[in-house]
Each structure stands twice: as C-alpha cells, then as structure tokens.
Amino acid sequence: MKLEPGDAAPDVTLPAADGTTVSLDAYRGKRVILYFYPAAMTPGCTKQACDFRDSLASLTSAGFVVLGVSKDTPAKLAKFVEHDALTFPLLSDPGLEVHKAYGAHGEKTMYGKTTVGVIRSTFVIDADGKIEKALYNVKATGHVARLRRELGLD
C-alpha cells in the first residue's frame, strides 16, 4: 500500500544506531523527513546519507528533522554513522514492519527484472503527523537536491 499526501503517517518506534529508541511521536510539532534505504555502507546508500548529512544544517534551520531507516542491525548502523560521520538518527527495522507500513518494501523492477525488496523512498511528514510528500523509487544520487528544491529550500 502506498501512502498519499494527507494520510496519517504510520507510527515509527525503532532502535537507533546509538542504542536509543526513537519514536516519530517525539517529533510532533516539527516536520520530519523520513527516508528508507536498502543497505548501510553500500555506494548509493552512502551517497544519499552523506547528501543528507551535508544538507542537515540548512534542513534543521528550516525546521526539519531527518531520520533514515533500513533493515540493518543497530550495530551495522553504528559503523555506518562512524565511518561516514553521519549526524542524524539511523533506525533499524530488520523485520520490515515499518517499511511495509510506508509501502517502502515490496515488488520493484531493477535492470528489467522484478524482485521483492526495499523500495528507496522518502516521506515528508508535517507537524501534525500527516504525510506531506510521499516519494517512491527515488534515485540515491541527486535526491536530496531534488527534495530541497521541492521544499523551496534552494
């Protein structure tokens, strides 16, 4: 099931790379960029995470919080954070429950072949917990710049 603007954002309460538990409810009153990526420390996912890291100051000053979600364990996410000096929470969803609630796991086509897996997706959630933007099948390279343009930050 794919989410649409205006839908209530499904609840997110997941373990983070730093050992804490992060809940989307804790950010009520702020706009949240919640993005799903296939795997930590792979080339595309590293590029996307570093782009978010490099844009974090301007996103934060515009009132946004950035949260990344993958099926990786907190231990692997901690290595990713350390290796690439990531400065926003990365959340672990190994059972894919949150991925599925957001429509970020399912059938996808790669290189002409249909597979089942993580669908690289980004959601902008408004201060009231509603989906503002739902972007599926995004490209890792250039995605943050595109998102910044769509949010009027460039």
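Residue indices follow the written sequence of each chain, beginning from 1 at its first position. Where local features are concerned, this predicted model is filtered to residues with pLDDT of at least 70; where side-chain atom pairs are given and counted, the filter is 80 or more; whole-chain, interface and lining totals use all residues. In computing side-chain values, all of the structure's heavy atoms are included and hydrogens and water are not.

A. Spatial organisation of the overall build of the protein chain. On a plain count of helices and strands, the protein chain comes out with four helices and nine strands. Numbering of helices and strands runs from the N terminus, with a helix taken as a DSSP run of H or I at least four residues long and a strand as a DSSP run of E at least two residues long. Along the protein chain, helices and strands appear, N-terminal first, in the series β-β-β-α-β-α-β-α-β-β-β-β-α. Along the longest, intermediate and shortest principal axes, the C-alpha atoms of the protein chain span 40 × 35 × 30 Å. Contacts are assigned to residue pairs with any non-hydrogen atoms lying within 4.5 Å of each other. Residue pairs in contact within the protein chain that sit at least 24 positions apart in sequence constitute 61% of those at least 6 positions apart. For the protein chain, the accessible area works out to roughly 7400 Å², and carbon and sulfur atoms hold 54% of it. In the protein chain, 19 positive and 18 negative side-chain charges are present, and the distance between their average locations comes to 6 Å. To be clear on the numbers: accessible area is Shrake-Rupley with a 1.4 Å probe, and residue cover counts the displayed protein chains and nothing else. A residue counts as positive if it is Lys or Arg and as negative if it is Asp or Glu; His and the chain ends are not included. Taken as the charge location is NZ of Lys, CZ of Arg, CG of Asp or CD of Glu.

B. Examining the sheet that holds strand β9 (residues 131–136) more closely. Pairing within the open sheet is mixed, and its five strands lie in the order β5-β4-β3-β8-β9. Among the strands making up the open sheet, the edge pair consists of β5 (90–92) and β9. Taken over all neighbouring pairs, the strand axes of this sheet differ in orientation by 20° on average, direction set aside. In this structure, strand β3 (residues 31–36) lies alongside strand β8 (residues 121–125), joined through five bridges in antiparallel fashion. Its bridge partner lying in β8, Val-32 is registered against Ile-125. Two strands are counted as paired when DSSP detects at least two bridges linking them. Lines fitted to C-alpha atoms define the axes, with helix axes restricted to the stretch in contact, and inter-axis angles between N-to-C directions lie between 0 and 180 degrees.

C. Geometry of the packing of aromatic side chains. By convention, a stacked pair of Phe, Tyr or Trp rings (six-membered ring in the case of Trp) has centres within 6.5 Å and planes under 30 degrees apart, an edge-to-face pair has planes over 60 apart, and any other such pair is tilted. In the structure shown here, the tally under the stated rule is nine aromatic pairs. Consider the rings of Tyr-35 and Tyr-37, whose centres lie 5.4 Å apart with planes at 35°: the pair is tilted. With respect to class, Tyr-35 is no different from Tyr-37; both count as buried. Here Phe-36 and Phe-123 contribute two aromatic rings whose centre-to-centre distance is 5.8 Å and whose plane-to-plane angle is 85°, an arrangement assigned as edge-to-face. Within this pair, whereas Phe-36 is found in strand β3, its partner Phe-123 is found in strand β8, the two being separated by 87 residues in sequence. The residues Phe-36 and Phe-123 share a single accessibility class, namely buried. Taken together through their ring pairs, the aromatic side chains of Tyr-35, Tyr-37, Phe-52, Phe-80 and Phe-88 make up a single cluster. Charges are assigned to positions over rings by a cutoff of 6 Å between ring centre and Lys NZ or Arg CZ, combined with an angular limit of 35 degrees from the ring normal. Seen from the ring of Tyr-136, Lys-2 lies directly overhead, with NZ or CZ sitting 4.2 Å from the centre. We call a residue buried when its accessible area falls under 20% of the maximum for its residue type, exposed when it is over 50%, and partly exposed in between, using a 1.4 Å probe and counting protein chains only.

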